[in-house]
Amino acid sequence: MTEQPKEVRYPLAIRREWSDEQVEALLDHPDPEVRVELAQARYLTPEQRARLVEDPDRRVLGALAEGPDIFELRIAKRDPVLPDWAYDRLVERDPRLLVYILENWRIPQEVRDRLSPPRPATAPAPPVDEAPLDRREAELLVGNDNEWTRTCAAVDPRLPVDLVHRLTTDPSPQVRLAVSMRPELSEEERSAIDYHVGPDDRIHPPRWPQVTRDPAVQRRCVHSAHIGLRRSVACNPSLLPDLVAVLATDDDFAVRLLLCENHANVPAETVLTTYLQARTLSRGRLLNHPAFERIGLARLADSADPGARCLVVLDPEAPAPLIERLSHDPHPAVRCSVAADRRLSPGRVCDLFDDPLTTEYASANPHLPIPVMERILGDAVGLADEPVEGSPAVYLGNWKADELPPDED
């Protein structure tokens, strides 16, 4: 591995199984970028990753302090990235890394607490009473032609009551929505305002429902008819468990999604249904939610939703015949979902490899015959420096049907 094509760095980062011998082969790789990828490889064991703490390149040490670049929920269950002692050694080798370690929420809190420098005892600052807005200034804000200026005024707690009332009939829907979420309004006063929040509307949720620890205020927001307040309080990390249960059955999808993203004690069925209903790029993070139950997903094999059938492969108890059956599913996404699974028979893996729709996924299956792997790599090396007109001869690790090399006797 004296040469490392850029194309293999991403597969290096997401390789699922690592032997100690494979890690050993890369520890002294001459390209530091390869060692950086190794430091952030998602599925290394903590002990394997810790072997890089003596690396001579600061970029590698920084990659260790940062950890794998995983797009995940903060509340997700995660395995240790490094042994605790390795963080001490990183700081010894480069004290500048302490800042990254202390700010890295993926590192256990007890490690960050232990490495944090002692803070001097200080007297708490006295509360500061916000002075009301100058009347003339408030009038200018409310009467401003700029919609954003009036929106900011609508959420300002210092705004006089009569000017708040004036903004409830503002010509701008954005201003009316903002003023409708003020904390002092009653449900009747909110309902009297002509605001609208649709299922697909993105809003700027107010901060006060997200941070309040007052059970009465939380309860008022959870049971509010205002979708904006329910979305906001769903993000509150101190939300009471019984209120989490209430929002878990909310009619608004965004409320349930925000709840799943911010709370570990959401019912498992809510996490599953929210994932299946989501159309956001971040929905995959829900598969690592603490409440997401993989055992039992085999029950989805007969679902009319192909997205649900794709989840069956995550069930470690799903029997091999079921995985084999799903490899013949009429929907290509379902076939792709199981193509790399080791529960498939070697013959079926070869069939999926020969199908252009599933070739890429079947090529990652451990049952793919070694001669096929060697043939792919050999052809890739042979074609690397050849000019190719039109479509390349090798596509996703497979040969195109009209460009198969001749059989060898």
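Note that the coordinates shown come from a computational prediction; the quantities given were computed from them, not determined experimentally. Per chain, residues are indexed from 1 in the order of the written sequence. Reporting of local features is limited, given that this is a predicted model, to residues whose pLDDT is at least 70; pairs of side-chain atoms are given and counted only at 80 or more, and all residues count toward the totals for whole chains, interfaces and linings. Hydrogens and water molecules were not included; the side-chain quantities draw on all heavy atoms of the structure.

Caption draft 1: Quick peek at the overall build of the chain. A tally of helices and strands in the chain yields 25 helices and two strands. Counting across all 409 residues of the chain, residues that qualify as buried make up 41%. Whether two residues touch is decided by their heavy atoms; if any such pair falls within 4.5 Å, the residues are in contact. For the chain, contacts bridging at least 24 residues in sequence account for 48% of all contacts bridging at least 6. Computed with a 1.4 Å probe, the accessible areas rest on the Shrake-Rupley method; for each residue, only the protein chains presented here act as cover. For the chain, the accessible area works out to roughly 23,900 Å², and carbon and sulfur atoms hold 55% of it. To qualify as a helix, a DSSP run of H or I must reach at least 4 residues; to qualify as a strand, a run of E must reach at least 2; elements of each kind are numbered from the N terminus. Partly exposed residues are those whose accessible area sits between 20% and 50% of the maximum for their type, while under 20% is buried and over 50% is exposed, using a 1.4 Å probe and protein chains only.

Caption draft 2: Layout of the packing of aromatic side chains. Any Phe, Tyr or Trp ring, taking Trp's six-membered ring, that has another such ring centre within 6.5 Å forms a pair; planes under 30 degrees apart are called stacked, those over 60 apart edge-to-face, and the others tilted. For the structure shown, the criterion picks out zero aromatic pairs. Each ring is checked for a lysine NZ or an arginine CZ that lies within 6 Å of its centre and within 35 degrees of its normal; such an atom marks a charge sitting over the ring. It is Arg-283 that lies over the ring of Tyr-275; its NZ or CZ is 4.3 Å from the centre.

Caption draft 3: Main features of the nonpolar core. Core analysis: the biggest nonpolar cluster contains 54 residues, and Leu-239, Leu-247, Leu-259, Leu-311 and Val-312 have the highest contact counts within it. Contact partners of Leu-311, with chain neighbours within four places excluded, come to Leu-272, Tyr-275, Leu-276, Leu-287, Leu-297 and Leu-300. Counting residues in hydrophobic clusters, the runner-up holds 30 residues, among them Leu-38, Leu-52, Leu-64 and Tyr-87. Residues grouped as a nonpolar core are buried Ala, Val, Leu, Ile, Met, Phe, Trp, Tyr and Cys residues, joined through side-chain atoms within 4.5 Å.

Caption draft 4: Molecular detail of the packing of helix H15 (residues 215-222) against helix H16 (residues 227-234). Only the stretch in contact is used when fitting a helix axis, every axis being a line fitted to C-alpha atoms; angles between N-to-C directions are given from 0 to 180 degrees. Where H15 meets H16, the axes come as close as 8 Å, and the angle between the chain directions of the two elements is 130°. The angle between H15 and H16 places the two elements in the oblique class. Residues Gln-218, Cys-221 and Val-222 of H15 pack against Leu-229, Arg-230 and Val-233 of H16. For this classification, Asp, Glu, Lys and Arg are treated as charged, while Ala, Val, Leu, Ile, Met, Phe, Trp, Tyr, Cys and Pro are nonpolar and the rest, including Gly, are polar. A per-class count over the contact of H15 with H16 returns four nonpolar, one polar and one charged. The labels follow the angle: roughly parallel below 35 degrees, roughly antiparallel above 145, roughly perpendicular from 65 to 115, and oblique for the rest.

Caption draft 5: View of helix H12 (residues 173-180). Counting buried residues along H12, six of its eight residues qualify, which places the element largely inside the surrounding structure. Of all the positions in H12, only Val-175, Arg-176, Leu-177, Ala-178, Val-179 and Ser-180 are classed as buried. Each element contacted by the buried residues of H12 is listed here: helix H10 (147-155), helix H11 (161-167) and helix H13 (187-191).

Caption draft 6: Region of the structure containing the pattern of salt bridges. Here a salt bridge means any side-chain nitrogen of Lys or Arg lying within 4 Å of a carboxyl oxygen belonging to Asp or Glu. Tallying each qualifying case throughout the model produces 26 salt bridges. A salt bridge links Asp-302 to Arg-325, with the shortest nitrogen-to-oxygen separation between them at 2.7 Å. With Asp-302 in the loop between helix H19 (268-277) and helix H20 (306-309) and Arg-325 in helix H21 (residues 320-326), this residue pair connects regions lying 23 residues apart in the sequence. Ionic contacts of the salt-bridge type, sharing partners, join the residues Arg-135, Glu-139, Asp-162 and Arg-166 into one network.

Caption draft 7: Inspection of the environment of Phe-292 at higher detail. As for its position among the elements, Phe-292 is in the loop between H19 and H20. What makes Phe-292 buried here is its relative accessible area of 8%. C-alpha of Phe-292 to C-alpha of Val-271: the two residues are 21 residues apart in sequence and 6.2 Å apart in space. Sequence-distant contacts of Phe-292, defined by excluding residues within four places in its chain, comprise Val-271, Leu-272, Leu-286, Leu-287, Leu-297 and Leu-314.

Caption draft 8: Inspection of the side chain of Arg-190 at higher detail. Relative to the assigned elements, Arg-190 resides in helix H13. Given the relative accessible area of 2%, Arg-190 is considered buried. Here Arg-190 is in contact with Ser-180, Met-181, Arg-182, Pro-183, Leu-185, Tyr-195, Trp-208, Arg-220, His-226 and Leu-229, once residues within four sequence places are set aside.

Caption draft 9: Region of interest: the confidence of the model for the chain. For the chain, the mean per-residue pLDDT works out to 87, and 87% of the residues sit at or above 70. What pLDDT conveys is the predictor's confidence in a given residue, as a value from 0 to 100. In the predicted structure, residues 1-7 sits below a pLDDT of 50 and forms six contacts with residues beyond four places in sequence or in another chain. Considering only residues more than four positions removed or in separate chains, one finds that residues 393-409, a stretch of pLDDT under 50, has 31 contacts.

Caption draft 10: Structural detail: the side chain of Arg-285. Among the secondary structure elements, Arg-285 is positioned in the loop between H19 and H20. Under the relative-accessibility criterion, Arg-285 is labelled buried at 16%. Throughout this description, a polar contact denotes any pair of N or O atoms lying within 3.5 Å of each other; where both atoms belong to protein, one of them has to be capable of donating a hydrogen while the other can accept it, and for residues adjacent in sequence the pair is counted only when both atoms sit in side chains. At 3.2 Å, the side chain of Arg-285 and the side chain of Glu-261 are in polar contact. Excluding residues within four positions of it along the chain, Arg-285 makes contact with Phe-71, Glu-72, Leu-73 and Glu-261.

Caption draft 11: Seen up close, the environment of Thr-273. Within the secondary structure layout, Thr-273 lies in helix H19. With relative accessibility at 27%, the residue Thr-273 sits in the partly exposed group. C-alpha of Thr-273 to C-alpha of Leu-257: the two residues are 16 residues apart in sequence and 9.9 Å apart in space.

Caption draft 12: Structural view of the environment of Val-372. Structurally, Val-372 is set in helix H25 (residues 370-383). The spatial distance from the C-alpha of Val-372 to the C-alpha of Phe-353 is 9.8 Å, given a sequence separation of 19 residues.

Caption draft 13: Highlighting the packing of H16 against helix H18 (residues 253-262). Where H16 contacts H18, the axes come no closer than 8 Å and their chain directions differ by 10°. Our classification of the angle between H16 and H18 gives roughly parallel. Contact residues: H16 offers Ile-227, Arg-230, Arg-231 and Ala-234, while H18 offers Ala-254, Val-255, Leu-258, Leu-259 and Asn-262. A breakdown of the residues in the contact of H16 with H18 according to their chemical character gives six nonpolar, one polar and two charged.

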